[in-house]
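Remarks on the overall topology
So you can see what is in the structure, the chains are spelled out below.
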Amino acid sequence: VDATAETTPAVLYDALAVPGGEEAAQVMALWGHALEFIKEQYRHCKPILILGAARATAEGAGVPLKLPTGEADPGLLVQEDGEADTAMDSFIAAIAAHRHFARFADPPPV
């Protein structure tokens, strides 16, 4: 590891995977840097994979799980714990698209 969420801006990362698990979600929900990192990844239209209980963490960061139109966000993949393997092809495709401007808003909603 060369850098941490505390020392590197989220925009410098190509994508984000938020791990599931109840304990991890509880810890992340209390960690301001994690919430801000998730929010910034969303604002910069980066691909995000959210697993299981991390859904509550993302919602706690203010990240809407659907586009303003109500449609699914192709760059925001929400999967249950244990479904990471099935989400990988979709996450790789989302990363290949680089940014998902369907969620762009000025000013940002979160």
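Above this text is the structure in question.
Residues numbered from 1 in each chain as written. Predicted model: local features only at pLDDT ≥ 70, side-chain atom pairs only at ≥ 80, totals over all residues. Heavy atoms only, no water.

A word on the overall build of the chain. Of regular secondary structure, the chain possesses four helices and three strands. In sequence order, the chain lays out its α and β elements as β-α-α-β-α-β-α. In terms of overall dimensions, the chain is globule-like: its C-alpha atoms have a radius of gyration of 13 Å, near the 13 Å expected for 110 residues. The C-alpha extent of the chain, read off along each of the three principal axes, is 30 × 30 × 25 Å. The buried share of the chain, reckoned over its 110 residues, is 36%. (Helix = DSSP H or I, 4+ residues; strand = E, 2+ residues; numbered from the N terminus. Rg over C-alpha atoms; globule rule 2.2 N^0.38 Å. Buried < 20%, exposed > 50% of the residue type's maximum accessible area, 1.4 Å probe, protein only.)

With that out of the way, let us pick up unusual backbone geometry. Unusually for a residue other than glycine, Cys 45 sits at a positive phi of about 60°. Take Cys 45: it is sitting in the loop between helix 2 (32–43) and strand 2 (48–51). The backbone of His 98 sits at a positive phi, close to 70°, despite the residue not being glycine. Along the chain, His 98 turns up in the segment after helix 4 (84–96).

Our next topic: the pairing of strand 3 (residues 76–79). Direction of pairing for strand 2 relative to strand 3: parallel, over a ladder of four bridges. Residue Ile 48 lies in a different strand from strand 3, and its bridge partner there is Leu 76. In this region the chain leaves strand 2, passes through helix 3 (residues 54–60) and returns to the parallel neighbour strand 3; the handedness of that crossover is right-handed. (Pairing = 2+ DSSP bridges. Right-handed = clockwise from strand over helix to strand, strands pointing away.)

Here the focus is the packing of helix 1 (residues 22–30) against helix 2. Direction vectors running N to C along helix 1 and helix 2 enclose 90°, while the axes themselves pass 5 Å from each other. Taken as axis vectors, helix 1 and helix 2 run roughly perpendicular relative to one another. Along the contact surface, helix 1 presents Met 28, Ala 29 and Leu 30, while helix 2 presents Gly 32, Ala 34, Leu 35 and Ile 38. In terms of residue class, the contact of helix 1 with helix 2 is built from six nonpolar, one polar and no charged. (Axes fitted to C-alpha atoms, helices over the stretch in contact; angles between N-to-C directions. Parallel < 35°, antiparallel > 145°, perpendicular 65-115°, else oblique. Contact = heavy atoms within 4.5 Å. Nonpolar A, V, L, I, M, F, W, Y, C, P; charged D, E, K, R; others polar.)

Fair warning: the whole summary comes from geometry, so function is off the table for now.
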